[in-house]
Amino acid sequence: MPIRILRAETYPILIGEDIFDEIQVHLREPERKDSKFILMVDENTRNLCLPLLLEKLEQFRECTVIEIPSGEDRKNIQTCVEIWQNLIDLKADKDSVLVNIGGGVLTDIAGFIAATYKRGIRYINFPTTLVGQIDAAFGGKVGVNLSDLKNQIGVFANPDAVCIYTPFLKTLSARDKLSGFAEVVKYALIMDQHFWKLLRNVNFVQIKFWDDIIYRSVEIKNRIVKNDPLDKRLRKRLNFGHTLGHAFETIALQRKDKSMTHGSGVAMGIICETFLSCKMKGLSWEILEEIASYILQNFPYYTLEDDDVDKILEILVHDKKNSGDQINFTLIPSLGHALIDQYCEPEDILSCLQFYRELD
Ligand SMILES: NC(=O)c1ccc[n+]([C@@H]2O[C@H](COP(=O)([O-])OP(=O)(O)OC[C@H]3O[C@@H](n4cnc5c(N)ncnc54)[C@H](O)[C@@H]3O)[C@@H](O)[C@H]2O)c1
């Protein structure tokens, strides 16, 4: 695919296989041309992605590389302390630029490092997973977890540029790719019914048009974020599927069951929240059938035990997306539209979980 360029709030998002000429132009701009670039990788992206990048961008060959261990459990403040120290040892100054090459874990940590080191230095993201390319690498949210609470410490800080080189995905595992695909389904359902109609005719394993999927997904999230960069209102549309999805993930985590990815939790959450959309907002039941059967064809079904249902209600009450004791959802009254802050009673939630359990 030739290069496609989107404009985010303050930075460009370059997408495709042929993005490197444009990146060269960007790197030669006056405010960057004398900067020291420091490359941030994890052990997987060092082996699988960095060589591809160095082939295309020769000027990075002499740069220092800092490796962050991969894994969600390393996305914490201790990892940051080590990297801040590393930057001090390297005498990185205010004009240094971090070049972050990795999935959402790496770009969340490295973006946070950039936002805080010497009160903020610039950074460029090269996302290498589907989650990174369509979601984590742009939009300005960066940060880390605190014990087992996700993304509790962080700031909004925009990158200088986001460079989405789609061939990086060739080495990504099917499991990690499927995890990102749940967000693609979500974008279609909340913002673009034509995109949904395109997706529903093709299963995940048959998809050949990934570059188009990535572009459309980035376009949708970018449009939402531009209208509400600080997540005060409209950006909450992106929470569709995530309120119950997060509860599913927490249940799996409590069982020490590592089989569930964030995306498969979100996919199950989409089924439940589509049910709530029918019950509360008049979405048609045929659409629920269509969405549920598509998700079950593509994502692993997660079985809930009897006592999980009460646990889920308890988890929802503590969800950081709620205000007070109310449990709020983003719901879709029709395909391609989303309503934020929709309050649901516990019995409605129980009925959606009942529906979900009967799909087994
Ligand atoms: N900031 C945001 O707006 C935002 C949005 C969504 C998700 N996130 C965060 O993103 C994180 C999840 O990101 P993720 O799903 O990308 O997981 P990840 O970053 O953990 O990457 C998954 C695995 O794939 C490996 N990998 C990366 N690129 C690869 C490639 N091209 N080939 C082979 N292996 C590769 C990584 O080393 C890792 O082992 C979570 O921490 C989540 O909170 C942030």
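See the structure shown above.
The model shown is predicted, which means the values in this text are computed figures rather than measured ones.

**Looking at the site of the ligand**
Looking at the ligand, there are 29 residues lining it, with Asn44, Gly103, Gly104, Thr129 and Val131 nearest. Where the shell around the ligand is concerned, the elements lending two or more residues are α2 (43–48), α5 (104–116), α6 (130–136), β8 (149–156) and α7 (174–191). When its residues are assigned to classes, the shell around the ligand shows eight nonpolar, 13 polar and eight charged.

**Topic: the sheet that holds strand β3 (residues 37–41)**
Strand order in the open sheet made by the seven strands is β1-β2-β9-β6-β5-β3-β4, with mixed pairing throughout. Each edge of the open sheet is held by one strand with a lone partner, namely β1 (4–7) and β4 (64–67). For this sheet the average axis-to-axis angle between neighbouring strands, irrespective of direction, equals 20 degrees. Pairing of strand β2 (residues 12–16) with strand β9 (residues 161–165), which is carried by four bridges, proceeds in the parallel orientation. By the bridge assignment, leucine 14 is partnered in β9 with cysteine 163. Contacting β3, β5 (97–102) and β6 (122–127), α5 crosses the sheet at an angle of about 170 degrees to β5.

**Observations concerning the nonpolar core**
Met40, Leu98 and Cys163 are the most contacted members of the largest nonpolar core, which has 105 residues in total. In terms of residues, this core owes the most to one element, α7, which gives 10 residues. Residue contributions to this core reach at least three from each of two domains, namely domain 1 (4–171) and domain 2 (174–358). With residues up to four places along the chain from it excluded, the contact list for methionine 40 reads Ile66, Ile68, Leu98, Val99, Asn100, Ile101, Leu106 and Ala110.

**Topic: the environment of glycine 139**
Mapping glycine 139 onto the fold places it in the loop between α6 and β7 (141–146). If we skip the residues at most four places from it in the chain, glycine 139 touches Lys221 and Val225.

**What to know about helix α8 (residues 193–200)**
Three or more residues of α8 are buried, namely Phe195, Trp196 and Leu199. Buried residues of α8, viewed axially, fall in a sector of 100 degrees; they line one side. Pointing more than 90 degrees away from the buried face of α8 are the exposed residues His194 and Lys197. Elements that come into contact with the buried residues of α8 comprise α7 and α9 (210–227).

**Quick word on the pairing of β7**
Two faces make up the sheet, and in a regular strand the side chains alternate between them. Along β7, five of the six residues are buried, which leaves the element largely enclosed by surrounding structure. With five bridges joining them, β7 and β8 adopt antiparallel strand pairing. Following the sheet pairing, lysine 141 is matched in β8 by phenylalanine 156. Two successive antiparallel strands, β7 and β8, enclose a turn made up of two residues, where serine 147 displays a positive phi of approximately 45 degrees.

**Some thoughts on the packing of α7 against α8**
It is at 6 Å that the axes of α7 and α8 come closest, and there the two elements cross at 135 degrees. Taken together, α7 and α8 sit at an angle that is classed as oblique. Taken together, the residues of α8 that come into contact with α7 (itself represented by Val185, Ala188 and Leu189) are Phe195, Trp196 and Leu199. Partitioned by chemical class, the residues of the contact of α7 with α8 number six nonpolar, no polar and no charged.

Rules used in this analysis
- Residues numbered from 1 in each chain as written.
- Predicted model: local features only at pLDDT ≥ 70, side-chain atom pairs only at ≥ 80, totals over all residues.
- Near = placed C-beta within 6 Å.
- Helix = DSSP H or I, 4+ residues; strand = E, 2+ residues; numbered from the N terminus.
- Nonpolar A, V, L, I, M, F, W, Y, C, P; charged D, E, K, R; others polar.
- Pairing = 2+ DSSP bridges.
- Axes fitted to C-alpha atoms, helices over the stretch in contact; angles between N-to-C directions.
- Contact = placed C-beta atoms within 7 Å.
- Core = buried A, V, L, I, M, F, W, Y, C linked by C-beta atoms within 7 Å.
- Buried ≥ 20, exposed ≤ 12 C-beta atoms within 10 Å, placed from the backbone.
- Domains from an automatic or database assignment.
- Arc of directions from axis to C-beta.
- Parallel < 35°, antiparallel > 145°, perpendicular 65-115°, else oblique.

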